[in-house]
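What follows is each chain in one-letter form.
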Amino acid sequence: MADQPSPPDPYKLLHIVPNPDGSLTRLPTAEIVPAGASDPNSPQLVLSKDIPLDPKHQTYLRLFKPHNLPPNPNLPLLIYFQGGGFVLLSAASAPFHDCCSHLALSIPAIIISVEYRLAPENRLPAAYDDAVSVISWVRNQASTADGEPWLKNYVDYSKCFLMGSSAGGNIAYHAGLRASDMNLSPVKNQGLILHQPYFGGVRRTESEISNPLINGGDGRIRRLPRCLVCGYGGDPLVDRQKELAGLLESRGVHVTAQFKEGGFHGVDVFDPNKAEALYESVKEFIRGCCCAQGGDEVVVAKSSI
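None of these values were measured; they are calculated from a predicted model.

Attention now goes to the nonpolar core. Formed by 54 residues in total, the largest nonpolar core has its most connected members in Ile112, Leu151, Tyr173 and Leu248. Excluding anything up to four places from it in sequence, Leu248 contacts Tyr173, Ile221, Leu224, Cys227, Val229, Val253 and Val255. Grouped together as the second largest cluster of nonpolar side chains are 25 residues, Leu78, Cys99, Met163 and Ile286 included.

On to the pattern of salt bridges, then. As enumerated under the stated definition, the model contains 11 salt bridges in all. One continuous salt-bridge network, built from bridges that share partners, spans Asp181, Asp218, Arg220 and Arg223.

A few words now on the packing of aromatic side chains. Across all of its chains, the model carries four aromatic pairs by this definition. Taking the centre distance of 5.7 Å and the plane angle of 40° together, the rings of Phe86 and Tyr198 count as tilted. With a gap of 112 residues between them, Phe86 in the loop between strand S5 (75-81) and helix H2 (94-106) and Tyr198 in the loop between strand S8 (189-195) and strand S9 (226-232) connect regions that are remote in the sequence. Assessed through its relative accessible area of 31%, Tyr198 is described here as partly exposed. Seen in terms of ring centroids, Tyr173 and Phe199 are 5.6 Å apart; in terms of plane orientation they differ by 85°. Their pairing is edge-to-face. Here Tyr173, found in helix H5 (residues 167-179), pairs with Phe199, found in the loop between S8 and S9; they are 26 residues apart in sequence, far enough to count as distant. Phe199 matches Tyr173 in its accessibility class, with the two residues each being buried. Lying across the ring of Trp150, Lys49 places its NZ or CZ 4.3 Å from the centre.

Okay, the sheet that holds strand S6 (residues 110-115) next. Strand-to-strand pairing in sheets goes through backbone hydrogen bonds, with the strands running parallel or antiparallel. Spatial strand order, S3-S4-S6-S5-S7-S8-S9-S10: eight strands in an open sheet with mixed pairing. Where the open sheet ends on each side, the last strands, each with one partner, are strand S3 (46-54) and strand S10 (255-260). Adjacent strand axes in the sheet meet at a mean angle of 20°, parallel and antiparallel pairs treated alike. Packing against the sheet, H5 makes contact with S5, strand S7 (155-165) and S8, and its axis sits at approximately 135° to S7.

Residues Ile107 and Pro108 are joined by a peptide bond in cis, for which omega reads -20°. By the element assignment, Pro108 lies in the loop between H2 and S6. In this structure, the amide linkage connecting Ser185 to the following residue, Pro186, adopts the cis form with an omega of 10°. Checked against the element boundaries, Pro186 lands in the loop between H5 and S8. Unusually for a residue other than glycine, Asn68 sits at a positive phi of about 55°. In this fold, Asn68 is placed in the loop between strand S4 (59-66) and S5. The backbone of Asn72 shows a phi angle near 50°, a positive value even though the residue is not glycine. With respect to the helices, strands and loops of the structure, Asn72 is situated in the loop between S4 and S5.

Here the focus is helix H3 (residues 126-142). Taking 1.5 Å per residue as the helical rise, H3 with its 17 residues ought to reach 24 Å, and the 25 Å between its terminal C-alpha atoms agrees with that figure. Within H3, 12 of the 17 residues are buried, which leaves the element mostly enclosed by the surrounding structure.

For S8, a buried count of seven out of seven residues is recorded, marking the element as mostly surrounded by other parts of the structure. The sheet contact formed by S8 and S9 spans five bridges and is parallel. If you follow His195 over to S9, its bridge partner there is Cys230.

Calculation notes
Residues numbered from 1 in each chain as written. Predicted model: local features only at pLDDT ≥ 70, side-chain atom pairs only at ≥ 80, totals over all residues. Heavy atoms only, no water. Core = buried A, V, L, I, M, F, W, Y, C linked by side-chain atoms within 4.5 Å. Buried < 20%, exposed > 50% of the residue type's maximum accessible area, 1.4 Å probe, protein only. Contact = heavy atoms within 4.5 Å. Salt bridge = Lys/Arg side-chain N within 4 Å of Asp/Glu carboxyl O. Phe/Tyr/Trp six-rings, centres within 6.5 Å; stacked < 30°, edge-to-face > 60°. Helix = DSSP H or I, 4+ residues; strand = E, 2+ residues; numbered from the N terminus. Lys NZ or Arg CZ within 6 Å of the ring centre and 35° of its normal. Pairing = 2+ DSSP bridges. Axes fitted to C-alpha atoms, helices over the stretch in contact; angles between N-to-C directions. Expected span 1.5 Å × (residues − 1).

Here you go:
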């Protein structure tokens, strides 16, 4: 009988090296992009800048603003959490920097991309704690007269959203649950955008061959705002994503579920057409939520596979 091929080394696949102390050495994969010009005379379509969140934990916020905005545009605020399996990548990684730039221009909106702590050096719930710190920071900005100028001059705090991709979708979900216990006034969380959210479980699903579905989910689910849950049929995590959408809906949450054929996990990073479709879905969801807030209901079509 021929020798069976050895399974691939997951550390090599992920470009990480485990260290004796339990930490990881992360080898370069994605390009690291510095924050763009914040000069009002810059020719860039979207400006960006970094603001410290918690120097002790080396966390920060990368803000994105469309260029040449009119006075007092009352834009939505989108807090974004990037993917990376909780262990990889950064708000400064090129795919996520570019995604946030496109979202800022497409919606349009002010985007806050969060540099949260990574495992295993900082195991969960560290990333969830960082997410709550961002939400608290935004609430404080809304309550002070001399806050961050990009928020003070351009944001409508009654139109805030949490978004995450892959592991970031998991973080956005848990941040939404925790935010439901907080007094956010004058900030209002209008919706969650969970793009190919990464949830797992002990028992593998058919598509799989930190799970919110255990024991029927968290009791705070019914307090969540509107949710957009989107994914692709070629993603091994799609069954969990569909289960999540069903659980949310069963608890009375207004859910827009968009599951499309084909694709794979993170496909929008590699396929510009899929990325544009994502930006359009996010734009329409945010528009629908804001119109519903004003009393004009907008129906966003659901799709399934």
